[in-house]
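What follows is the residue order along each chain.
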Amino acid sequence: MNTVAVRLPEKLVNQASHYANVNLRTIPKQIEYWALLGRCAEDNPDLPLSFIKECLLAKEEKSIPFEFEL
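Summarised in this report is the structure supplied together with it. (Residues numbered from 1 in each chain as written. Predicted model: local features only at pLDDT ≥ 70, side-chain atom pairs only at ≥ 80, totals over all residues. Heavy atoms only, no water.)

**A closer look at the packing of aromatic side chains**
Applying the stated rule across the entire model yields 2 aromatic pairs. Judged by centre distance (5.0 Å) and plane angle (85°), the ring pair of Phe-66 and Phe-68 falls under edge-to-face. By the burial criterion, Phe-66 is exposed, and Phe-68 matches it. We note Arg-25 situated over the ring of Tyr-33; from NZ or CZ to the ring centre the distance is 4.0 Å. (Phe/Tyr/Trp six-rings, centres within 6.5 Å; stacked < 30°, edge-to-face > 60°. Buried < 20%, exposed > 50% of the residue type's maximum accessible area, 1.4 Å probe, protein only. Lys NZ or Arg CZ within 6 Å of the ring centre and 35° of its normal.)

Below, the structure is given as structure tokens:
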């Protein structure tokens, strides 16, 4: 994966640092997460942010196939 240096306001980085600590992420991963949420929200303006977050979370969950008993 290629990376690019980007200048960001110190206030944004400090806020990302706080949320990153709470969510056990690195600062870059927190900013990446916010960018993903923002992109999804712009692509789906009719969906509430909470629904978008839940969809992203569900997408990452490891599911166990259900087996029917016969």
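**What to know about unusual backbone geometry**
Positioned with a positive phi, Leu-24 is a non-glycine residue whose angle comes to about 55°. Positionally, Leu-24 belongs in the loop between helix H1 (10-22) and helix H2 (27-43). Residue classification places Leu-24 among the exposed positions, given a relative accessible area of 79%. (Helix = DSSP H or I, 4+ residues; strand = E, 2+ residues; numbered from the N terminus.)

**As for the side chain of Gln-30**
By the secondary structure assignment, Gln-30 is in helix H2. Overall, the relative accessible area of 1% leaves Gln-30 in the buried class. Setting aside chain neighbours within four positions, we find Gln-30 in contact with Ala-16, Tyr-19, Ala-20, Asn-23 and Arg-25. (Contact = heavy atoms within 4.5 Å.)

**Some thoughts on H2**
Taking 1.5 Å of rise per residue, the 17 residues of H2 would be expected to cover 24 Å, and the 24 Å separating its terminal C-alpha atoms lies within 8% of that figure. The set of residues buried in H2 consists of Gln-30, Leu-37 and Cys-40. All buried residues of H2 project into a common sector of 90° when viewed along the axis, lining one side. Residues of H2 that are exposed and point more than 90 degrees away from the buried face comprise Pro-28, Arg-39, Glu-42 and Asp-43. In the core, the buried residues of H2 are packed alongside H1 and helix H3 (49-60). (Expected span 1.5 Å × (residues − 1). Arc of directions from axis to C-beta.)

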